[in-house]
Amino acid sequence: MINQLVLMGRIKKMEKYDDEIVIESTRPDKSKVTVHVVMSDNMLKSVREYCTLDDLIAIRGHLIGGTYMLRAEAEKVSFLSTRAENVSDEDIINDIEGR
């Protein structure tokens, strides 16, 4: 069985003493999905240093089972963009996809 995950979304929660962040992603039908992402201390340190809430990031990793929910465990984090004035999520996605 293959357990791989690629997730792109905006950081919605990033607590100083948590070992995870929460990312919100938009589905094609415009509904929102929220994913809790666990990562190593070094990765988390980089995310806290370079990102703020609402920044766009991409996660490559795998799913892990929790007591009450599935979570993602990050193997790689890519910093895609910070939210700039007058730039929408669709503009950033189109830029990434080369449209």
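About the cut-offs
Residues numbered from 1 in each chain as written. Predicted model: local features only at pLDDT ≥ 70, side-chain atom pairs only at ≥ 80, totals over all residues. Heavy atoms only, no water. Buried < 20%, exposed > 50% of the residue type's maximum accessible area, 1.4 Å probe, protein only. Helix = DSSP H or I, 4+ residues; strand = E, 2+ residues; numbered from the N terminus. Pairing = 2+ DSSP bridges. Axes fitted to C-alpha atoms, helices over the stretch in contact; angles between N-to-C directions. Contact = heavy atoms within 4.5 Å. Arc of directions from axis to C-beta.

(A) Up close: the pairing of strand 2 (residues 20-26). Counting buried positions along strand 2 yields five of seven residues, so the element is predominantly enclosed. Of the strand pairs in this sheet, strand 1 (residues 5-14) and strand 2 are connected by four bridges, and their pairing is antiparallel. Counterpart to Met14 in the pairing with strand 2 is Ile21. A loop of five residues connects strand 1 with strand 2, the two strands running antiparallel in sequence. In the sheet, strand 2 pairs with strand 3 (residues 32-38) via seven bridges, with the strands oriented antiparallel. When the bridges of strand 3 are listed, Glu20 appears paired with Val38. In this antiparallel pair of consecutive strands, strand 2 and strand 3, the connection spans five residues, and Lys30 shows a positive phi of 75 degrees.

(B) Focus on the sheet that holds strand 2. Pairing within the closed barrel is mixed, and its five strands lie in the order 1-2-3-5-4. Each strand of the sheet is rotated relative to its neighbour by a mean of 50 degrees, with strand direction disregarded. Relative to strand 4 (residues 56-65), strand 1 runs antiparallel, the two sharing six bridges. Within strand 4, the residue paired with Leu5 across the bridge is Gly61. Packing of helix 1 (residues 41-50) onto the sheet brings it into contact with strand 1, strand 2 and strand 5 (70-81), and relative to strand 5 it is tilted by some 45 degrees.

(C) Structural detail: the environment of Asp55. Summarising the element assignment, Asp55 is placed in the loop between helix 1 and strand 4. For the pair formed by Asp55 and Leu80, sequence separation is 25 residues and the distance between their alpha carbons is 8.0 Å.

(D) Helix 1, seen in detail. Buried within helix 1 we find Met43, Leu44 and Val47. Projection of helix 1 onto a plane perpendicular to its axis shows the buried side chains occupying an angular sector of 100 degrees, all on one side. Helix 1 presents Asp41, Asn42, Lys45, Glu49 and Tyr50 as exposed residues on the side facing more than 90 degrees away from its buried surface. Packing partners of the buried residues in helix 1 comprise strand 1, strand 2 and strand 5.

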